[in-house]
Amino acid sequence: MTAESFLYHPVSVFALSMLCGYALYAFGRAVAPATVVVGGKLRTYACGENVDGKMFPTAYHLFHAAFIFTLLDVVALVVGTVSLSASIWLVISYLLVGLFAIVILFRD
């Protein structure tokens with residue numbers, strides 16, 4: 001195994017980027033000024049008014065539309081970039097699996 005093949009291996013690239021990210025984080029922590037505890041620092045502040053924190057209602061009604069869009073986008077990308085040497089049955093099976101997933105999502 002050459003040094004080039006080791007350095008360009010996905011696991012090595014991931015480990016090296018995690019190490020660089022941690023080094024950057026440690027450097028930022030070392031040069032940052034010491035924190036001072038100040039009363040009300042963690043309170044919500046909006047345009048000069050102190051606002052009491054309230055729970056925001058979450059709504060996931062657009063999740064299905066976003067998921068269907070992502071599924072269609074991925075299917076279009078894969079089918080649009082398939083090579084000419086690929087089997088037509090492979091392309092058709094991929095389209096059928098994508099169509100089946102979309103039908104399942106629309107039933108919900």
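Look above for the structure.
Let us look at the structure shown here. (Residues numbered from 1 in each chain as written. Predicted model: local features only at pLDDT ≥ 70, side-chain atom pairs only at ≥ 80, totals over all residues. Heavy atoms only, no water.)

Attention now goes to the overall build of the protein. Scanning the protein from terminus to terminus reveals four helices and two strands. Starting at the N terminus, the α and β elements of the protein follow one another as α-α-β-β-α-α. Taken over the C-alpha trace, the protein has a radius of gyration of 25 Å; the compact-globule value for 108 residues is 13 Å, which it surpasses by more than 25%. Each principal axis of the C-alpha atoms in the protein carries an extent, and together these give about 65 × 50 × 20 Å. Per-residue burial over the protein gives 6% buried out of 108 residues. Taken as a whole, the protein presents about 10,200 Å² of accessible surface, with 73% of it coming from carbon and sulfur. Across the protein, the centroid of the 5 positively charged side chains sits 13 Å from that of the 5 negatively charged ones. (Helix = DSSP H or I, 4+ residues; strand = E, 2+ residues; numbered from the N terminus. Rg over C-alpha atoms; globule rule 2.2 N^0.38 Å. Buried < 20%, exposed > 50% of the residue type's maximum accessible area, 1.4 Å probe, protein only. Areas by Shrake-Rupley, 256 points an atom, 1.4 Å probe, with all protein chains shown as cover. Lys, Arg positive; Asp, Glu negative; His and termini not counted. Charge placed at Lys NZ, Arg CZ, Asp CG, Glu CD.)

Spanning 20 residues, helix α4 (residues 88-107) covers 29 Å between terminal C-alpha atoms, matching the ideal 28 Å at 1.5 Å per step. The opening residue of α4 is Ser 87, an N-cap whose side-chain oxygen sits 3.3 Å from the backbone nitrogen of Trp 89. (Expected span 1.5 Å × (residues − 1). Polar contact = N/O pair within 3.5 Å; in protein donor to acceptor, adjacent residues only side chain to side chain.)

Below, the discussion takes up the environment of Ile 102. Take Ile 102: it is sitting in helix α4. The buried category is assigned to Ile 102, whose relative accessible area is 11%. In this structure, the C-alpha to C-alpha distance between Ile 102 and Leu 71, residues 31 residues apart in sequence, is 7.7 Å. Sequence-distant contacts of Ile 102, defined by excluding residues within four places in its chain, comprise Leu 71 and Leu 72. (Contact = heavy atoms within 4.5 Å.)

Right, let's talk about a nonpolar patch on the surface for a bit. On the surface, a cluster of nonpolar side chains totalling about 630 Å² of accessible area is made up of Ile 88, Trp 89, Ile 92, Leu 96, Leu 99 and Val 103. Of note, Ile 88 is situated in helix α4. (Patch = residues over 30% accessible without salt bridge, like charges linked within 9 Å, V, L, I, M, F, W, Y side chains within 5 Å. Salt bridge = Lys/Arg side-chain N within 4 Å of Asp/Glu carboxyl O.)

Bringing the packing of aromatic side chains into the picture now. In the structure shown here, the tally under the stated rule is one aromatic pair. Relative to Phe 67, the ring of Phe 63 lies with its centre 5.8 Å away and its plane at 20°, an arrangement referred to as stacked. Taken together, the positions of Phe 63 and Phe 67, both in helix α3 (residues 63-80) and four residues apart, correspond to about one turn of that helix. A relative accessible area of 48% places Phe 63 in the partly exposed class. (Phe/Tyr/Trp six-rings, centres within 6.5 Å; stacked < 30°, edge-to-face > 60°.)

The first and last C-alpha atoms of helix α2 (residues 10-31) sit 32 Å apart over 22 residues, in line with the 32 Å expected at 1.5 Å per residue. Little of α2 is tucked away: one of the 22 residues are buried.

The next thing to look at is the side chain of Ser 12. Turning to its location among the elements, Ser 12 is positioned in helix α2. A distance of 2.8 Å separates the side chain of Ser 12 from the backbone oxygen of Phe 6, its partner in a polar contact. Leaving out residues up to four positions away in the same chain, Ser 12 has contacts with Phe 6 and Leu 7.

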